[in-house]
Amino acid sequence: NAGVTQTPKFQVLKTGQSMTLQCAQDMNHNSMYWYRQDPGMGLRLIYYSASEGTTDKGEVPNGYNVSRLNKREFSLRLESAAPSQTSVYFCASSDLSPLHFGNGTRLTVT
Amino acid sequence: QQPVQSPQAVILREGEDAVINCSSSKALYSVHWYRQKHGEAPIFLMILLKGGEQKGHDKISASFNEKKQQSSLYLTASQLSYSGTYFCGTEIRSSNTGKLIFGQGTTLQVKP
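Quick summary incoming for the structure in this document. What you see is a predicted model, and the numbers here were worked out from it, not measured in a lab. (Residues numbered from 1 in each chain as written. Chains lettered and ligands numbered in written order. Predicted model: local features only at pLDDT ≥ 70, side-chain atom pairs only at ≥ 80, totals over all residues. Heavy atoms only, no water.)

### Describing the environment of B:Pro7
Position of B:Pro7 relative to the elements: it lies in the loop between strand S1 (4-6) and strand S2 (9-13). When the C-alpha atoms of B:Pro7 and B:Ile20 are compared, they prove to be 6.5 Å apart, with 13 residues separating the residues in sequence. (Helix = DSSP H or I, 4+ residues; strand = E, 2+ residues; numbered from the N terminus.)

### What to know about the nonpolar core
Of all hydrophobic cores here, the largest spans 21 residues; its most connected members are B:Trp33, B:Met46, B:Leu73, B:Leu75, B:Tyr82, B:Tyr86 and B:Leu108. Secondary-structure elements contributing two or more residues to this core are S2, strand S3 (18-23), strand S4 (30-36), strand S5 (43-49), strand S7 (60-65), strand S8 (70-75), strand S9 (84-91) and strand S11 (106-111) of chain B. Here B:Leu75 is in contact with B:Glu16, B:Asp17, B:Ala18, B:Ile20, B:Lys59, B:Ile60, B:Tyr82, B:Tyr86 and B:Leu108, once residues within four sequence places are set aside. One finds A:Leu21, A:Tyr64, A:Tyr89 and A:Cys91 within the second-largest nonpolar core, a separate group that totals 19 residues. (Core = buried A, V, L, I, M, F, W, Y, C linked by side-chain atoms within 4.5 Å. Buried < 20%, exposed > 50% of the residue type's maximum accessible area, 1.4 Å probe, protein only. Contact = heavy atoms within 4.5 Å.)

### Quick word on the sheet that holds strand S8 (residues 74-78) of chain A
All names here are of chain A. Taken in spatial order, the 4 strands line up as S1-S3-S8-S7 in an open sheet, and their pairing is antiparallel. Either end of the sheet is taken by a strand with one partner, and the two such strands are strand S1 (4-7) and strand S7 (64-68). The sheet shows a mean angle of 15° between the axes of neighbouring strands, taken without regard to direction. Note: S1 against strand S3 (residues 19-25), 4 bridges, orientation antiparallel. (Pairing = 2+ DSSP bridges. Axes fitted to C-alpha atoms, helices over the stretch in contact; angles between N-to-C directions.)

### Details of the interface of chain A and chain B
Between chain A and chain B, the contact holds 22 residues from the first and 20 residues from the second. Buried area between chain A and chain B, both sides added, is near 1,700 Å², and the carbon and sulfur share of it is 62%. Linking chain A with chain B are 0 salt bridges, by the criterion used here. Viewed at the interface, chain B and chain A are joined by 4 residue pairs in polar contact (both at pLDDT 80 or more). Those elements that provide at least two residues to the side of chain A that touches chain B are strand S4 (31-38), strand S5 (42-49) and strand S9 (87-94) of chain A. Take the side of chain A that touches chain B: its biggest share by element is 5 residues, from S5(A). A class-by-class count of the residues in the side of chain A that touches chain B yields 12 nonpolar, 8 polar and 2 charged. (Buried area = accessible area lost by both parts, 1.4 Å probe. Salt bridge = Lys/Arg side-chain N within 4 Å of Asp/Glu carboxyl O. Polar contact = N/O pair within 3.5 Å; in protein donor to acceptor, adjacent residues only side chain to side chain. Nonpolar A, V, L, I, M, F, W, Y, C, P; charged D, E, K, R; others polar.)

### Quick word on the pairing of S3(B)
All names here are of chain B. Of the two faces of S3, the one holding Ala18, Ile20 and Cys22 is buried and the one holding Val19, Asn21 and Ser23 is not buried anywhere. Alignment of S3 against S8, held across 6 bridges, turns out to be antiparallel. When the sheet's bridge partners are listed, Cys22 is paired in S8 with Ser71.

### What to know about the environment of A:Gly16
Residues and elements named next belong to chain A. Mapped onto the secondary structure, Gly16 falls in the loop between strand S2 (10-13) and S3. Overall, Gly16 belongs to the partly exposed group, its relative accessible area being 41%. Gly16 sits 67 residues away from Pro83 along the chain, and the two C-alpha atoms are 9.4 Å apart. Apart from the residues within four sequence positions on either side, Gly16 is in contact with Glu79, Ser80 and Ala81.

Following this line, the structure appears as structure tokens:
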């Protein structure tokens, strides 16, 4: 039972490049989330999906897009990466509560 | 709007107690507490629902004062394993999304 799986674990991008962060959960949870974590800022919600087929903006959605591909998968896309998007990205899932987090993707944009 | 946690950092000796506070400017439906070790994912500790209840988990407990829109996490007789960063996550209204807004975190270091 893997829980929440994120890929890749690490990524380095140049400014302007695009990429997609993948997240999959095997707990049959309805809700999925993307957070970013920066020093001193805690975890900030980027986007979330309450159920398959729905997505909503969180606190810091600018520069990101998401796709809830099916109940298991929720991807986060950076269309044109900027240095300000250097961060650790966590995906999480839940069925109301608690949140189950993946191990994170460390993204550096140069 | 992010809840505010205090203090930002705490250093303890083993066996000492600590309190971490979480305060919101909005009415809260629930408060969650998570702990994160360096380089790892946050792990769920407990949830407190609207109603002012207090919960306990081993030597870690928490309270929720919905009137003051505040929650506190109590760590008693701290152990080395308690070291990490603690986050409160707040749910503003009852929903079926489980959407949480987290505070900025409180770093706890327990020394021998």
